[in-house]
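Each chain, written out:
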Amino acid sequence: MGEASVTASNWRLVEVGRVAMFAKGPNTGKLAAIVQIIDHKRVLVEGPSSDAAQHVPRQSAPLSHVSLTSIVIKLPLAVGHSGLKKKWDSEKVEEKFNNSVYAKSKAKFARRKQLSDFERFKVMVLRKQARFEVRKSLASSKGKA
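Calculation criteria
Residues numbered from 1 in each chain as written. Predicted model: local features only at pLDDT ≥ 70, side-chain atom pairs only at ≥ 80, totals over all residues. Heavy atoms only, no water. Pairing = 2+ DSSP bridges. Helix = DSSP H or I, 4+ residues; strand = E, 2+ residues; numbered from the N terminus. Axes fitted to C-alpha atoms, helices over the stretch in contact; angles between N-to-C directions. Contact = heavy atoms within 4.5 Å. Buried < 20%, exposed > 50% of the residue type's maximum accessible area, 1.4 Å probe, protein only.

For the protein chain, an unreviewed UniProt entry supplies the name Large ribosomal subunit protein eL14 domain-containing protein and the organism Elasticomyces elasticus.

J.: Outline the sheet that holds strand β5 (residues 66–72), listing residues and values.
T.: Sheet architecture is open: 5 strands sit in the order β4-β3-β2-β1-β5, paired in antiparallel fashion. Of all strands in the sheet, those bounded by a partner on one side alone are β4 (56–62) and β5. Strand-to-strand, the axes of this sheet are offset by a mean angle of 40 degrees, without reference to chain direction. Pairing analysis gives 4 bridges linking strand β1 (residues 18–22) to β5, with the strands arranged antiparallel. What sits directly across from A20, in β5, is L68. Strand contacts of helix α1 (residues 81–91): β1, β2 (31–37), β3 (42–47) and β4, with the helix running at about 130 degrees to β2, the strand carrying the most contacts.

J.: Can you break down the pairing of β1 residue by residue, with the values?
T.: Burial runs high along β1: 5 of the 5 residues are buried. Neither face of β1 is left uncovered, since the one carrying R18, A20 and F22 and the one carrying V19 and M21 both have all their residues buried. In the sheet, β1 pairs with β2 via 3 bridges, with the strands oriented antiparallel. Within β2, the residue paired with V19 across the bridge is A33.

The structure is reproduced here in structure tokens:
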């Protein structure tokens, strides 16, 4: 018989210390850490951001309203506000998130959404020029081979 190999999944698990971003509700777009798991549908979260506009008070949140990130902080169960704030700052959670691919693409889409009609036209022309240069160099390399 063949051997069976069991490997752990790469899913982002709901766990204490996992940083989540609100996808719905009044805190949309804000980061918070899972402080405690209430049940299979709800978690206790808090986001001790240094920016007052991004601060999330400690509250119960349904898992359907949050999106889990890959950032995990080592936290004791039901840690207090000051302990969470110290860990949040020492781990540089906001800096890690802002350097993530997801945050960069989110910022790019937000910037594109604010472009005027003429600016969108300029982006289209620049993309066409870049595509032409890539295809031209690809064709010349194929011709030499």
